[in-house]
Amino acid sequence: MSLRQSGTDRIEKQIRLVAPRARVWHALTNTREFGQWFGVKLTGSVAPGATLRGPITIKGFEHVKFEATVETVEPESRFSFRWHPYAVEPGVDYSDEPTTLVVFTLVEVEGATLLTVVESGFDQIPASRRAKAFAMNSNGWGAQVENLKRYLTA
Amino acid sequence: MVEQSVQLDNVFRALGDPTRRAMLRRLAAQERTVGELAEPFKMSLAAASKHIKTLENAGLLRRTVRGRTHYCQLNPQPLSDADEWLRSYERLWDRRLEALEALLRHPEKE
């Protein structure tokens with residue numbers, strides 16, 4: 001099966017943040033600050049191999065538990081973790097499913113910090129999960145979501 | 001967009017039946033002949049063929065003919081609709097990065 005490599009396996013985002021690199025690094029790796037912009041109430045601290053856990057604080061997703069395993073911590077340059085993307089269904093155990101890798105890279109540019117986020121590994125995520133997430137995120141697909149729910153719980 | 005909606009309608013319609021869902025699950029494990037697909041459901045070959053056709057129309061099943069035997073394979077592509085899915089997932093990241101930007105602009109008092 002040939003899915004287009006570049007198109008389906010990864011997301012890449014870049015943003016120029018007007019803040020010193022150390023400041024951005026703190027916002028990424030201090031669990032309280034991370035939680036603020038990411039929308040999760042985290043406990044624990046960022047260290048290689050550490051598991052970060054906590055409830056999502058985004059409206060409508062409060063029942064969802066965020067869980068990520070930290071991989072790389074290279075001060076002020078690179079921070080990465082693995083997690084289950086869109087693990088939003090209550091009562092579903094995602095632990096057997098493959099994870100995606102989220103990598104934050106910081107580069108100093110004139111008067112700002114360039115933050116790049118790459119999340120990769122989506123091609124390994126079960127098709128049914130992706131379809132479900134797709135349906136959840138498209139407006140006007142209510143009935144189809146119901147169909148899919150039945151499909152996934154049958 | 002309209003064509004895509006029609007395609008998605010077909011996909012979800014195909015998924016809306018327990019027999020077809022079971023067929024897909026069996027195909028997820030390995031390819032099957034039409035006969036093998038029909039076998040656990042105690043139904044006629046004609047009835048099974050109808051289900052197979054529905055799955056085929058939705059693009060979820062592909063058929064290859066080898067000799068005189070039709071083999072069915074799962075095609076997860078329409079289910080995943082990966083591009084579209086990634087796009088919607090990307091929006092979540094956009095929102096988060098905007099929130100990060102806002103946080104850095106208006107730092108909370110420590």
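Everything discussed here concerns the structure shown above.
Residues numbered from 1 in each chain as written. Chains lettered and ligands numbered in written order. Predicted model: local features only at pLDDT ≥ 70, side-chain atom pairs only at ≥ 80, totals over all residues. Heavy atoms only, no water.

Caption draft 1: Region of interest: the sheet that holds strand β2 (residues 61-66) of chain B. Residues and elements named next belong to chain B. With antiparallel pairing, the 3 strands of this open sheet are ordered in space as β1-β3-β2. Strands at the two margins of the open sheet, each flanked by one partner only, are β1 (32-33) and β2. As paired elements, β1 and strand β3 (residues 69-74) share 2 bridges and run antiparallel to each other. Each bridged residue has a counterpart across the sheet, and for T33 the counterpart in β3 is Y71. Across the face of the sheet, helix α2 (residues 18-29) comes into contact with β1, β2 and β3 while running at roughly 90° to β3. Its contacts with the sheet place helix α4 (residues 45-57) against β2 and β3, and it is angled at close to 115° to β2. (Pairing = 2+ DSSP bridges. Helix = DSSP H or I, 4+ residues; strand = E, 2+ residues; numbered from the N terminus. Contact = heavy atoms within 4.5 Å. Axes fitted to C-alpha atoms, helices over the stretch in contact; angles between N-to-C directions.)

Caption draft 2: Main features of the packing of aromatic side chains. In total, this model carries 17 aromatic pairs over all chains according to the counting rule given. Centre to centre, the rings of A:F34 and A:F81 are 6.2 Å apart; their planes meet at 85°, and the pair counts as edge-to-face. Within this pair, whereas A:F34 is found in helix α3 (residues 31-38), its partner A:F81 is found in strand β4 (residues 78-83), the two being separated by 47 residues in sequence. Here A:F34 falls in the buried class, since its relative accessible area comes to 2%. Centre to centre, the rings of A:F81 and A:F104 are 6.0 Å apart; their planes meet at 45°, and the pair counts as tilted. Pair noted here: A:F81 is in strand β4 and A:F104 is in strand β5 (residues 100-109), with a separation of 23 residues, a long-range link. Through a chain of ring-to-ring contacts, the aromatic side chains of A:W25, A:F34, A:W37, A:F38, A:F66, A:F79, A:F81, A:W83, A:F104 and B:W93 assemble into a single cluster. Seen from the ring of B:W93, B:R96 lies directly overhead, with NZ or CZ sitting 5.5 Å from the centre. (Phe/Tyr/Trp six-rings, centres within 6.5 Å; stacked < 30°, edge-to-face > 60°. Buried < 20%, exposed > 50% of the residue type's maximum accessible area, 1.4 Å probe, protein only. Lys NZ or Arg CZ within 6 Å of the ring centre and 35° of its normal.)

Caption draft 3: Examining the side chain of B:T33 more closely. As for its placement among the helices and strands, B:T33 is situated in strand β1. Overall, B:T33 belongs to the buried group, its relative accessible area being 15%.

Caption draft 4: Broad picture of the nonpolar core. By size, the foremost hydrophobic cluster in this structure holds 38 residues, and its most contacted members are A:L28, A:F34, A:F66, A:F79, A:F104, A:L115 and B:L100. When residues of this core are traced back to their parent elements, those giving at least two are β1 (10-17), α2 (21-29), α3, β3 (65-74), β4, β5 and β6 (112-120) of chain A together with α6 (82-105) of chain B. In terms of residues, this core owes the most to one element, α6(B), which gives 7 residues. Excluding residues that lie within four positions of it along the chain, A:F79 makes contacts with A:W25, A:L28, A:T29, A:F34, A:V46, A:V70, A:T72, A:V73, A:V102, A:V103 and A:F104. Grouped together as the second largest cluster of nonpolar side chains are 18 residues, B:F12, B:L27, B:A38 and B:L60 included. (Core = buried A, V, L, I, M, F, W, Y, C linked by side-chain atoms within 4.5 Å.)

Caption draft 5: How the structure looks around unusual backbone geometry. Residue and element names in this part refer to chain A. The phi torsion at E76 lies on the positive side, around 60°, for a residue other than glycine. Within the secondary structure layout, E76 lies in the loop between β3 and β4. Classification of E76 as partly exposed rests on a relative accessible area of 30%.

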